[in-house]
Amino acid sequence: MSESDLNSRGPAAISVASSRGHDLNPGDKTKIAAATTRMLPVQAPVNILIVDDEPKNLTVLEAILDAPGYRLVRAESAEQALLALLADEFALLILDIRMPGVTGLELAQMIKARKKTASVPIIFLTAYYDDDQHVLEGYETGAVDYAKKPVNPAILRSKVGIFAELYRKQRNLEEVNRALVAEVCSRRHAEEQLRELNNTLEQRVAERTASLQLSEARLRDSEHQLQELIAAIPAAIYTTDAQGKITYFNEAATELVGHTPTTGSEWRVTWKLYHPNGTPLPYDQCPMAIALKEGRAIRNAEVVAERPDGTRVPFIPYPTPLRDGAGKVVGAINMLVDVSERKQAETQQRILLNELNHRVKNNMQMLQILLEAGARRAESSEAREVLDEASGRVMAMAAAQRVLYTTHDATRFNARDFLNAVCESAKQTFPQELDIDYEADAIQLSNDAAMPLALIANELLTNAVKYGLNGQGAGTIRVRLRTADESFLFYVEDDGPGFDLQSVQRRSSGLALVQGLARQLGGKFEVTRTPATRCGVRFQ
């Protein structure tokens, strides 16, 4: 019996061949395994447990997550949440940390301690715990994510969608495993029957013929069902042979690329390809070409496809080579995941951040104008000095805010851009004869450090102008932001006489502010007088 005969006649033919002493070759085993690993789409909605002691917060979450694919279960206390977990299986918990009685952290520990619920992912939701220690405590109790109130609906829906999809895929895999167990049992039963048929040759031949006919029918049905299953998957999928010729594609692939590919043609199902920056992507350099040529799966590559009508759609391909039992590449399968909605969400988020930046900038400008006007009208020199100091601090915060909202990273900022903005802003209020020499290492700092560091820079620069130039109003002040022994060092240096920190800190509100801000950064304020007067903060 040839390999093609075995492939066309299905599992029963393989069982018969085994009974005659013929072993299956590796290619047959690979094809059998591939045929049994298709996953069924799950249609039923997944359960999501939302826990908050405030009913109105639960109502808001229900409004955000209102979708046919979700069944939301409310719980206003830890006791209600535990009862719900006993009654149903949940794909995800959205849990408020701060609740009366049993807190969200304590409830998460209880949930993770139970074997039945230990694997349920938890997203903590709170408006009170926002420092690193509280975040760490949340993750240590078993949380997989952490969000602050007020909730960003688009981000929360995106996160919930990811966990719901993971839950569905897990259930699909369980269904496939059960099907595989059933298939193994069926095959063992068939082998026992074949052994019984060895009693007489005529009976064995007759039974074998009937089995082959039944297997052929089942194989045809199986192939038909397999194509229907792939066609039902919402992601675009197509397969090729070893030469890169298309052997199959589903309807989702047709919709994504904007035309119907041709079976037997080259795998170039898209009209044209581009890099995310808009430059053309040659076909021989795209992920599918590399996967076929180098025999390896390609991941985390984003591509833009141009349809015949000129529209473009960003997608992430997942080309994976298919091998026979000997390890030879016999084809490939590619799944194209449309990321247009994600791109739109990122664009919308940037628009919202720009709007927030605009409003904050306007508010700071208005506050600075009011402070400057108040200083001009103030009759007391002490009042004018206080208002001028407040105006300088607002200018420093505005400079830091400009840097934060122009960076591409939502969590970190560039030290050089930051120091340039803060020093140039402060220089506007100093005498023209004064020069500020500033330098920063090529480092990235957390956004949490921006405002405290800007205020520290403003206070130390103002202090250096007042007391570090020996009353001349001209000279050079040196400002540096460096890395030092796994920490950061920011300092302002001048050629003045310096001062003793212990003797002046009690009567200087500016130095007291600097010390408080240094503690906020987890650092320490330092003053040295040789070889030059240097005031600095060393922080992590």
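The coordinates are above.
Rules and cut-offs
- Residues numbered from 1 in each chain as written.
- Predicted model: local features only at pLDDT ≥ 70, side-chain atom pairs only at ≥ 80, totals over all residues.
- Heavy atoms only, no water.
- Helix = DSSP H or I, 4+ residues; strand = E, 2+ residues; numbered from the N terminus.
- Buried < 20%, exposed > 50% of the residue type's maximum accessible area, 1.4 Å probe, protein only.
- Contact = heavy atoms within 4.5 Å.
- Areas by Shrake-Rupley, 256 points an atom, 1.4 Å probe, with all protein chains shown as cover.
- Phe/Tyr/Trp six-rings, centres within 6.5 Å; stacked < 30°, edge-to-face > 60°.
- Core = buried A, V, L, I, M, F, W, Y, C linked by side-chain atoms within 4.5 Å.

Trainee: Explain the overall build of the chain here, please?
Mentor: Looking only at helices and strands, the chain features 16 helices and 19 strands. Counting all 540 residues of the chain, 40% fall into the buried class. Counting only contacts in the chain whose residues sit at least 6 apart along the sequence, the fraction spanning at least 24 positions is 59%. Accessible surface, the chain as shown: approximately 30,300 Å² in total, 51% of it carbon and sulfur.

Trainee: Would you mind going over the packing of aromatic side chains with me for this structure?
Mentor: Each aromatic ring pair is specified by the distance between its two centres and by the angle formed by the two planes. One pass over the full model with this rule turns up two aromatic pairs. With centroids separated by 5.2 Å and ring planes inclined at 45 degrees, the aromatic side chains of F413 and F418 adopt a geometry described as tilted. Each of the two residues, F413 as well as F418, counts as buried. Residues F488 and F539 carry aromatic rings whose centres are separated by 5.5 Å and whose planes lie at 40 degrees to one another, so their mutual orientation is tilted. Of this pair, F488 sits in strand 17 (residues 487-494) while F539 sits in strand 19 (residues 533-539), and the two are 51 residues apart along the sequence. Taken as a pair, F488 and F539 share a single burial class, namely buried.

Trainee: Any chance you could explain unusual backbone geometry here in plain terms?
Mentor: Backbone phi values are negative for most residues with the exception of glycine, while trans is the configuration of most peptide bonds. Residue P150 is reached from K149 by a cis peptide bond, and omega for that bond is -5 degrees. Within the fold, P150 resides in the loop between strand 5 (145-148) and helix 7 (153-197). Phi is positive for D485, close to 55 degrees, though the residue is something other than glycine. Relative to the assigned elements, D485 resides in the loop between strand 16 (475-484) and strand 17.

Trainee: Please clarify how the nonpolar core should be interpreted in this entry.
Mentor: Proteins that are soluble and globular tend to have nonpolar side chains buried together. Core analysis: the biggest nonpolar cluster contains 49 residues, and I477, V479, L481, F490, F525 and F539 have the highest contact counts within it. Top contributing element to this core by residue count: helix 14 (residues 450-467), with ten residues. Excluding its chain neighbours within four sequence positions, the residues that come into contact with V479 are L419, C423, I436, D437, Y438, E439, L461, F490, Y491 and V492. Listed in part, the 23 residues of the second largest apolar core include A75, A84, A143 and Y146.

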